[in-house]
Amino acid sequence: FSPTAAFSVHSALAPRSFPPRSLLLLRAPETLERFCAAAAAAAMDSAASLLEAYRRDRRRLLGFLLSSAGGRAVDLSRVDLDAVSADYALDCVASGAQFDASEATRRYFDDRRYPIMTSSPSGNSYFLLSRPEGSGSPPKKVAPDIGPEPPAEENSSRARKHSDSFEVAVNIQGASYVLKDLNLANTSPQHAKEMDLLSLGLPRLNAELSDDDLRETAYEVLLASLFVSGKLYFAEEKREKKPKFLKGLRSKTEGSNSAPQMENYYTHHLDLIRVQMEISESMDTLAKRALRRIGSKMVQGQLDVPCISLQLLSSVGKFDFPTERLRVQWQRRQANVLEELLLFSASRECSMSETLRIVLSKLKNTEDWVVSVPDGRIEVLTIIERYNTRLSAAPKKFGLKGETYHWTQSYHFNSRLYEKLLSSVFDMLEDGQLVEEADEILETMKLTWPILGITQKLHDALYAWALFQKFAQTGEILLLKQTDLQIQKLKLHNNVREAELYIDSFVCSVEGFGSNGTLNLVDSALLKINMWCHRQLKNYHLYFSQANCSIFESMLNLVLLTAANLTDDDEEAMLIGTSLGSTPESTLIHILVVRSIQAAYKNALISADGQSKAEFKHPLILLASELKLLVEKECSAFSPVLHKYYPEAGRVALTVFHLLYGQQLELFLEGSDHSESLKEILGASNSFELCIAQKLYSMYGEAAGSSLSNFLKPYMIDRFSSPIILQWLHAQHENVLEWTKRTIEIEDWEPLSVHRKLATSMVEVFRIVEETIDQFFNSSLPLDIVHLRSLLIGITSSLQVYLLHMENQQVSRATLLPVAPVLTRYAESVNPFAKRKLIEPAVREEKVANKLNNLTVPKLCVKLNTLQYIRDQLDTIEEGIKQSWVDVQSAVGLLDYLSCMTSEGATSKSSPSDESIDELFTIFDDVRRTAVNITDTILNFIGTRAVFWDMRDLLLFSLYRTSVESARMEIFIPTIEQAVNPNLGYLDMFSQ
């Protein structure tokens, strides 16, 4: 609170002592209510009592301060201290000025219109109606002027260059339209519903009448109609006679006047309406007592709202109200009602209008009204009644039965009252639900028709409007279906000419579908309902989902029902126009589909642009992903519903999606410098186009003929992607080949593990090959047989290099065989008596010897396992590539299907046959043959090495040493088995 205000209190009231909280109580009740609201959040049970305690203490403190204001006592018995400005009271005490109750009340209401200011010297501190904690303190310096943007940083030039063409999409054909609905797209659906909930366009009220005033007046009209129709009556409660000495005592349930007792069929319904309209029991009792003889106030057998107000003013006294504040509010309401109906709504000048203005000002002055003599009050009411009688005597415009002057001149007021009455059918405890007695309540409302000038058609229109308003607030589908039924009933009315002219006199201002003008109340209600639903459906991707698809369908029915005789200029600027001969229903749905997708596309553009800066991806890649989600949502949730009314709805939606993204992709490709992200962009674009083609085929099959096919322009991704794929394959082949050479050079031919006795290098080579294959088929780019051939050649080249290295590591088995002795070289031509030469042992080269040392039997077994692994993995890779190629061919078929739709059934290019694909894989046979040959070489080498190298000391050098019997092979077989069997453990089962 204001420190200066606290100091003023202390200075003015220095001799007096106040408790510390007294300073808090001097603030306006509005501040106290905020303070108590905070306390209520912590303890809801004690909130009401706390608020009442502070109000009571405030009244006591103000009464104490004002008891001697101005140097003399002030009579506060008739002053509503809750409506007295605390600042004004403090000023009177500090300055010694005379206290003026009317000025204090005026200051109080004036202060409520603005935020509560403090009296700080800076003058810039005030209390906000909202909660400022979330936004922090205000800025301390002035915002800079809008000038030229600073130059972009060098490291961000690439990202900005990528997004330049992307930002252009905001203004491309079909997307620029969404700018007029940009605020709607950027707000939440709930906020947009509240923002778009339009009024009927009735003329505004000139008098100061709030919604509460209209609600209480509507209830009084209902009571009067019940009394006049004889449906309700009241009987005075019979009191028992009491002895004289007990006459002064009164039970707690008895008041100063006997309470009326209702004994009628309408008792339950009326009590329910009272609760629904939030009318207190005291005001209900007061109105019933005052209106029970309302029939005597009827003018020429007719009753109107001014008559009801006059009856209330003449029958209710000051002491009938529990508080003075209620009396003041009630009297001002009655005066404002009379002012609105008799002064502002008069269609012609009357000689008594100035007199009426004067007497109404007296009626508004509640203080003078109370202190005036009864004869003066009667005179004022008589003048008003005479003026109303004069207006009611005016000739009837339409000659309807029971027509009154106020039917036509006060239709804006009467319609608002009837809306308040209709609101009682909604359960106040269960939001969005109708009470069980809704039909009985509506039947009771009909009794007010002669007073308010309501006809059956007007009732149906206003009730449909009330139902729809409640639906827009709660989203309850039952209310939307009830609105649909009510409008169907409204369409069945065929009124006579006089009744139609009477309804046409209910003029409402409308703004919709590009035109401003006036309509009657019925057409205005239908138009406003249609406008609200139309706005939602023109962006149904934002407002609806799979969960509330039933609301989407009901709203679509409502739009089609209320769209008769309403024009829409949207079709002139359509991205895709409707075909000739389309029905109005299909044209409307066509417009809704196109506009909704354009709005959803605009949102996706904005979202992709924002995400690209955070995820460092090109916006087109993210846009394609966003659009694929929208396509799935469109085909699963909306197209099945729209198809019932417009079979081409799905085709229209997919065509618009394809066209909008195609325009953006074309802008990128025209200005692209073939950046590093081009491959990913083309892949995302091709994936999106395949999604569109797949959805079209699933919806319409081979039936490709349609006028919309002219808008399907294939992206032709293969023109840009084919050289990129070949370049990528060439680079991958070089990488794999380099890695293969590197890993084979460092291979020591030790087993990979106990269970897998393979070479680690071969496992790594196949891992890289499989990654290359996966990247090849997961690129989402269109592939052809040239790309497949290049892939197979690269795989074959790497494996051939690996096998060649294995083959070069081998040593010829001839180097292991010993030189044959001379004796074994006998021939007939040889002279047996020639001198025999000594056998000189051959000395092996050091390189060959090193190779032999490395070619141990365990390592040779690992090589055998590796060769078998190559053959098996080659079979697996071949099978996987063939299966992936089948998927590629199906994607190619979808793209051909899309091309056929565009070219009106032209034949697509032929796809390669299975025989030609099988011929490509014959290149793997060369690898298999090489692996088999190396395997045979190693097998032959293992036996030779075991005998002539590993067992040379044991076997060869012991031959021919002693006798022939000791040199037989049977003796050495156990030794050979003992040497060979342990090495068999290095062979896998398939190698064995």
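Treat the numbers as computed from the prediction; the structure is a model and nothing was measured. (Residues numbered from 1 in each chain as written. Predicted model: local features only at pLDDT ≥ 70, side-chain atom pairs only at ≥ 80, totals over all residues. Heavy atoms only, no water.)

## Digging into the overall build of the chain
Moving on, step 1. Secondary structure assignment for the chain yields 39 helices and four strands.
Moving on, step 2. Of all intrachain contacts in the chain linking residues separated by at least 6 positions in sequence, the fraction that spans at least 24 positions is 76%.
Moving on, step 3. Approximately 52600 Å² of the chain is accessible, and the part contributed by carbon and sulfur atoms is 54%. (Helix = DSSP H or I, 4+ residues; strand = E, 2+ residues; numbered from the N terminus. Contact = heavy atoms within 4.5 Å. Areas by Shrake-Rupley, 256 points an atom, 1.4 Å probe, with all protein chains shown as cover.)

## Concerning the packing of aromatic side chains
The description of an aromatic ring pair uses the distance of the two centres, along with the angle that the planes make with each other.
Moving on, step 1. In this structure the tally under the stated criterion is 19 aromatic pairs.
Moving on, step 2. Summarising the aromatic geometry, the rings of F471 and W532 are spaced 6.1 Å apart at their centres and angled 75° between planes, so their arrangement reads as edge-to-face. Here the residue F471 occupies a position in helix α22 (residues 456-474), and W532 occupies one in helix α25 (residues 521-537), the gap between them amounting to 61 residues.
Moving on, step 3. Between the aromatic rings of Y661 and F688, the centroid separation amounts to 5.1 Å while the plane-to-plane angle is 55°, which identifies the pairing as tilted. Of the two residues, Y661 sits in helix α30 (residues 649-670) while F688 sits in helix α31 (residues 678-700), which places them 27 residues apart along the sequence. (Phe/Tyr/Trp six-rings, centres within 6.5 Å; stacked < 30°, edge-to-face > 60°.)

## Some thoughts on the environment of E750
Moving on, step 1. Here E750 shows up in the loop between α32 (717-745) and α33 (760-777).
Moving on, step 2. The partly exposed category is assigned to E750, whose relative accessible area is 39%.
Moving on, step 3. Through-space distance from the C-alpha of E750 to that of V862 is 7.1 Å; in sequence the pair is 112 residues apart.
Moving on, step 4. Non-local contacts of E750, meaning those with residues more than four positions away in its chain, are made with L758, K859 and V862. (Buried < 20%, exposed > 50% of the residue type's maximum accessible area, 1.4 Å probe, protein only.)

## Topic: empty space enclosed by the protein
Moving on, step 1. Evaluation of the coordinates by the stated rule reveals four cavities of 30 Å³ or more.
Moving on, step 2. In this structure, the largest cavity spans a volume of roughly 50 Å³.
Moving on, step 3. As for the largest cavity, its lining consists of H733, V736, V769, T772, I773, L791, G794, I795 and S798. (1 Å grid on protein atoms, 1.4 Å probe; cavity = no way out; pocket = protein on both sides within 12 Å on 5 of 7 lines; lining within 4 Å. Points joined across faces, edges and corners; volume = space filled by probe spheres on them.)

## Thoughts on the confidence of the model for the chain
Regions with low pLDDT should not have their predicted coordinates read in detail.
Moving on, step 1. Residues with a pLDDT of 70 or more make up 69% of the chain, whose mean pLDDT is 76.
Moving on, step 2. The secondary structure element of the chain with the lowest average pLDDT is helix α8 (residues 182-185), at 38, and the one with the highest is helix α19 (residues 411-422), at 95.
Moving on, step 3. For residues 1-45, every residue scores under 50 in pLDDT, and the model assigns this stretch 69 contacts once sequence neighbours within four places are set aside.
Moving on, step 4. The low-confidence segment residues 168-196 (pLDDT under 50) makes 53 contacts with residues lying over four places distant or belonging to another chain. (pLDDT = per-residue confidence, 0-100.)

## Points about a nonpolar patch on the surface
Moving on, step 1. A cluster of nonpolar side chains, namely V275, M428 and L429, defines an oily patch on the protein surface of about 310 Å² accessible area.
Moving on, step 2. The topology assignment puts M428 in the loop between α19 and α20 (438-445).
Moving on, step 3. Residue classification places M428 among the partly exposed residues on the basis of a relative accessible area of 43%. (Patch = residues over 30% accessible without salt bridge, like charges linked within 9 Å, V, L, I, M, F, W, Y side chains within 5 Å. Salt bridge = Lys/Arg side-chain N within 4 Å of Asp/Glu carboxyl O.)

## Quick look at the packing of helix α28 (residues 584-615) against helix α29 (residues 619-643)
Moving on, step 1. One can describe the packing of α28 onto α29 by two numbers: an axis separation of 8 Å at closest approach and a directional angle of 150°. Overall, the two elements α28 and α29 adopt an arrangement that is roughly antiparallel. Viewed along their axes, α28 and α29 form a crossing whose handedness is right-handed.
Moving on, step 2. Of the residues in the contact of α28 with α29, the class split is 14 nonpolar, three polar and four charged. (Axes fitted to C-alpha atoms, helices over the stretch in contact; angles between N-to-C directions. Parallel < 35°, antiparallel > 145°, perpendicular 65-115°, else oblique. Left-handed = near helix turned anticlockwise from the far one by under 90°. Nonpolar A, V, L, I, M, F, W, Y, C, P; charged D, E, K, R; others polar.)

## Digging into helix α27 (residues 549-562)
Moving on, step 1. A rise of 1.5 Å per residue sets the reference length of α27, with its 14 residues, at 20 Å; its end C-alpha atoms lie 20 Å apart and thus fit the reference within 8%.
Moving on, step 2. Those residues of α27 not exposed but buried are C549, I551, F552, S554, M555, L556, L558, V559 and T562.
Moving on, step 3. Buried-residue contacts for α27 involve α22, α23 (477-491), α25, α26 (540-543), α28 and α29. (Expected span 1.5 Å × (residues − 1).)

## Considerations on the pattern of salt bridges
Moving on, step 1. Applying the stated criterion across every chain, the model contains 28 salt bridges.
Moving on, step 2. Note that D91 is salt-bridged to R107, the shortest N-O span being 3.7 Å. You can see D91 sitting in helix α5 (residues 86-95) and its partner R107 sitting in helix α6 (residues 101-112), a full 16 residues away along the chain.
Moving on, step 3. Residue classification places D91 among the partly exposed positions, given a relative accessible area of 42%.
Moving on, step 4. Among the residues examined, R107 registers a relative accessible area of 24% and is labelled partly exposed.

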